Amino acid sequence: MFVDESERSGYLMAAVLIAPNALHSTRSMMRGLLLPGCRRVHFKTEIPARRKLVADKLACCDLVVNIYVARGKSEKVRSKLLPLLVDDAIGVGVTRLVLDSRDPVANGRDRLVIGTRTKAHDAGLVYEHIQSSSEPALWISDALAWCHGAGSDWKRRIAPITGTVVDLGQL
């Protein structure tokens, strides 16, 4: 499971489930979408035509994105959403959780939340923070978080691969 967040009229986390046997081909597809000189696909900086291309390609992939959203102060919201996300990951048998690395302090807060407020350890769930530039699967969660947060046509484009949407409302 690969997780990234987006902030747009709320705090949103996109958790992308990619089957282990589809991971290599999915990463290769994402690398193939890189523009010359770019280190990653980052939706915030892509032009609309590229966003449409990437979203449409992702909608045809063998993956599922679960969305977790709430409104309020970012770190408070994240600390409420992360345990739900981890519990859902454990529930579907995820063994490795990769979060987009933020900064050492924020990453430490995530580890504390996961370690103390979830059953990750008991379930044998391995979790780590990785820089998005080195993990193409994180580009997917970035793109899908952006699409869901943008709403309307963007949500429609990713609907075929959208699984559960958890909205905690205002916190």
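Small disclaimer: the values here were computed from a predicted structure and weren't measured. (Residues numbered from 1 in each chain as written. Predicted model: local features only at pLDDT ≥ 70, side-chain atom pairs only at ≥ 80, totals over all residues. Heavy atoms only, no water.)

> In this structure, what is going on with helix α2 (residues 48-58)? I would like to understand it.
In an α-helix, one full turn covers 3.6 residues, which means residues spaced three or four apart are oriented alike. Looking only at α2, the buried set comprises Arg50, Arg51, Val54, Ala55 and Leu58. End-on view of α2: buried residues confined to an arc of 130 degrees, all on one side of the axis. Looking at the buried side of α2, the elements it contacts are α1 (20-32), β3 (63-71), α6 (136-150) and α7 (152-158). (Buried < 20%, exposed > 50% of the residue type's maximum accessible area, 1.4 Å probe, protein only. Helix = DSSP H or I, 4+ residues; strand = E, 2+ residues; numbered from the N terminus. Arc of directions from axis to C-beta. Contact = heavy atoms within 4.5 Å.)

> I'm lost on the pairing of strand β4 (residues 96-100) in this one. Help?
Side chains on a regular strand alternate between the two faces of the sheet. By the criterion of burial, β4 is predominantly enclosed, with 4 of the 5 residues buried. Across 2 bridges, the pairing between strand β1 (residues 2-7) and β4 is parallel. Opposite Phe2, over in β4, you have Val98 as the bridge partner. Pairing analysis gives 5 bridges linking β4 to strand β5 (residues 126-130), with the strands arranged parallel. Residue pairing for β5: Leu99 is matched across the bridge by His129. (Pairing = 2+ DSSP bridges.)

> What is the right way to look at the side chain of Asn66 in this model?
With respect to the secondary-structure elements, Asn66 resides in strand β3. The class for Asn66 is buried, based on a relative accessible area of 9%. In terms of polar contacts, Asn66 uses its side chain to reach the backbone amide nitrogen of Thr164, at 2.9 Å. (Polar contact = N/O pair within 3.5 Å; in protein donor to acceptor, adjacent residues only side chain to side chain.)

> How should the pattern of salt bridges be read in this particular structure?
Once the charged atoms of two side chains with opposite charge are near each other, the side chains can pair. Under the definition given, this model contains 12 salt bridges. In this structure, Asp56 and Arg157 form a salt bridge, with 2.8 Å as the shortest nitrogen-oxygen distance. Here Arg157 lies in helix α7 and Asp56 lies in helix α2, a separation of 101 residues in the sequence. For Asp56, a relative accessible area of 35% puts it in the partly exposed group. (Salt bridge = Lys/Arg side-chain N within 4 Å of Asp/Glu carboxyl O.)

> Mind showing me how you'd approach the pairing of β3 here?
Counting buried positions along β3 gives 7 out of 9 residues, so the element sits mostly inside the fold. Bridge count for strand β2 (residues 11-18) against β3 is 8 bridges, and the pairing is antiparallel. Counted as the bridge partner of Leu12 is Val69 from β3. Two elements, β3 and strand β6 (residues 162-170), share 5 bridges in a ladder whose sense is parallel.

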